[in-house]
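Structural description and commentary
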Amino acid sequence: MKAVLPPLARARLQSLRLAEGGTAIVVLDAAGLDTLERERLEQAVNEALAGQAGVSAVRVALMADKVRRRIIAVGSGKGGVGKSTVSTNIAVALARMGRKVGLVDADIYGPSQPRLLGNEGIKPQARDNKLVPVPSEWGVPLLSMGQLIEPGKAIAWRGPMASNALGQLIDADWGAIDTLIVDLPPGTGDVQLTMLQRHKPTGAVIVSTPQDLALIDARRAIQLFGVGEVPVIGMVENMAGYACPHCGKVSDPFGSGGTEAAAKELGLPFLGRIPLQMAIREASDAGQPPAAGEGEGAAAFEAVARRIATWLDNQ
């Protein structure tokens, strides 16, 4: 019977026997395979053994160690600093490095990730009472309330309902994904507290623009993670510097270097600057993450993602 198995099944075969009554029992190593790959492997084995002499039924057992999933929370303390765009592009850049990354849009009341990842209008399916993330063109599966509600409909939920929704997004069927980037809503409310208490992130990334008002709220977010004993991986300065497309002169509408100075003062790593570019805004609105391409914007996101990857590898 082993000879008729497909090559992947033979490579992952742990045991194969024909039980009383003609039931072929196959045990396979499924480590590293996502949900779809496991389903295809099981189907291929069933098709290969069905109809073989003496085989009346086929039972396939897929064995794998439980994935140890790490959560990276991306917070800001303040809205309007581009946190969601940074979250998307960190995830895409990590995926381009070969990391198995998923993205959770935890901004329950203002979900934007389906637009940023270009998979709007696709609803997640459910399997065994768990949501199955929606794939994206960029190799980053996503779960967001924006996929579950009607477009343009407001979500008027009290805190416990939003917290329960977050749990369903995080405790989904993520398959072989081992790192979740969680795009938190602005502020320090119920969703953030639920994140800290129930799902304990491995680390946090703080996004801020350079001006003082944004940094005041960023410090509050850092303090919250400190209370929750979640290490802050570092700070990202977004919208840092605008190059005029006509004359090339660089100006700083939101100031310059404020986030790096704050990181130094707080004893935190500075992960990098993301420029204020029309190209980043246009690509993001079109569901084409800049980190998936080339150019200055892509390089900036990649540099941030590499520093996060190094931090993860050192844990």
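Within every chain, residues take consecutive numbers counted from 1 along the sequence as written. Reporting in this predicted model follows two pLDDT cut-offs: at least 70 for local features of residues, and 80 or more for side-chain atom pairs to be given and counted; totals over whole chains, interfaces and linings ignore these cut-offs and use all residues. Only hydrogens and water are set aside when side-chain values are computed; all heavy atoms of the structure are taken into account.

**A few points about the environment of Pro114**
Stated precisely, the cut-off is as follows: Think of it this way: any DSSP run of H or I at least four residues long counts as a helix, any run of E at least two long counts as a strand, and we number them from the N terminus. Each residue gets one of three labels from its accessible area relative to the maximum for its type: buried under 20%, exposed over 50%, partly exposed in between, using a 1.4 Å probe on protein chains only. Contact definition: two residues touch when any of their heavy atoms are within 4.5 Å.
Note on placement: Pro114 falls in helix H4 (residues 113–117). Among the residues examined, Pro114 registers a relative accessible area of 6% and is labelled buried. Between the C-alpha atom of Pro114 and that of Met235, which follows or precedes it by 121 residues, the distance is 25 Å. Not counting chain neighbours up to four residues away, the residues in contact with Pro114 comprise Asp105, Asn119, Glu120, Leu142, Ser144, Gly146 and Gln147.

**Brief notes about the sheet that holds strand S5 (residues 101–105)**
Quick reminder of the rule: DSSP-based pairing: two strands are paired if at least 2 bridges between them are found. Every axis corresponds to a line fitted to the C-alpha atoms, with the helix fit spanning only the stretch in contact, and the corresponding angles, defined between N-to-C directions, vary from 0 to 180 degrees.
Strand order in the open sheet formed by seven strands is S8-S5-S9-S4-S10-S11-S14, with parallel pairing between adjacent strands. Sheet topology places strand S8 (142–144) and strand S14 (270–273) at the edges, where each strand pairs with a single neighbour. For this sheet, the mean inter-axis angle between neighbouring strands, taken without regard to orientation, is 20°. Direction of pairing for S5 relative to S8: parallel, over a ladder of three bridges. Its bridge partner lying in S8, Val104 is registered against Leu143. Contacting strand S10 (203–208), strand S11 (232–237) and S14, helix H8 (residues 258–266) runs over the sheet at an angle of about 155° to S11.

**Some remarks on helix H3 (residues 83–96)**
Put simply, the rule is: The span one expects for a helix is its residue count, reduced by one, times 1.5 Å.
Taking 1.5 Å of rise per residue, 14 residues should cover 20 Å, and H3 covers 20 Å from first to last C-alpha, within 8% of that figure. Within H3, 13 of the 14 residues are buried, leaving the element largely enclosed by the surrounding structure.

**Details of empty space enclosed by the protein**
Basically, it comes down to this: A 1.4 Å probe that fits but cannot get out identifies a cavity on a 1 Å grid over protein atoms alone, an open set with protein on both sides within 12 Å along at least five of seven lines counts as a pocket, and a residue lines either if it has an atom within 4 Å of a point. Grid points are joined across faces, edges and corners, and a volume is the space filled by probe spheres set on the points.
Evaluation of the coordinates by the stated rule reveals one cavity of 30 Å³ or more. Here the largest cavity defines a volume of roughly 40 Å³. What lines the largest cavity is a set of 11 residues, and nearest its centre among them are Gly75, Leu184, Gly187, Gln192 and Ala221. The dominant element in the lining of the largest cavity, judged by the number of residues it contributes, is helix H7 (residues 212–227), at three residues.

**A look at the sheet that holds strand S2 (residues 23–29)**
Reading across the sheet, the three strands line up as S1-S2-S3 and stay open at both edges, with mixed pairing between neighbours. Single-partner strands in this sheet number two, and they are strand S1 (13–18) and strand S3 (57–63). Sheet twist, expressed as the average angle between the axes of neighbouring strands with direction ignored, equals 10°. Note: S1 against S2, five bridges, orientation antiparallel. Looking across to S2, one finds that Leu13 is bridged to Leu28.

**Overview of the layout of surface pockets**
Any empty space left between atoms is shown by rolling a water-sized probe over those atoms. Put simply, the rule is: Polar here means any residue outside two lists: the nonpolar Ala, Val, Leu, Ile, Met, Phe, Trp, Tyr, Cys and Pro, and the charged Asp, Glu, Lys and Arg; Gly therefore counts as polar.
Its volume calculated, the second largest pocket comes out at about 500 Å³. Lining the second largest pocket are 25 residues, with Asp34, Thr35, Pro141, Trp174 and Ile177 positioned closest to its centre. Counting residues per element, the lining of the second largest pocket draws most heavily on helix H2 (residues 35–49), at five residues. Of the residues in the lining of the second largest pocket, the class split is 11 nonpolar, six polar and eight charged.

**Points about the pattern of salt bridges**
Spelled out, the test is: Salt bridges are counted wherever a side-chain nitrogen of Lys or Arg sits within 4 Å of a carboxyl oxygen of Asp or Glu.
The full count for this structure, using the stated rule, is 12 salt bridges. For Asp217, the salt bridge is made with Arg220, and the minimal N-O distance between the two is 2.4 Å. On the criterion of helical spacing, the pair formed by Asp217 and Arg220 is a turn pair, its members being three residues apart in helix H7. Between Glu302 and Arg306 there is a salt bridge; the shortest N-O distance is 3.0 Å. Of the two residues, Glu302 and Arg306 are both situated in helix H10 (residues 296–313); the distance of four residues between them amounts to about one turn of the helix. Looking at Arg306, the relative accessible area reads 46%, which means it is partly exposed. Salt bridges linked by common partners bring Glu39, Arg127 and Asp173 together as one network.

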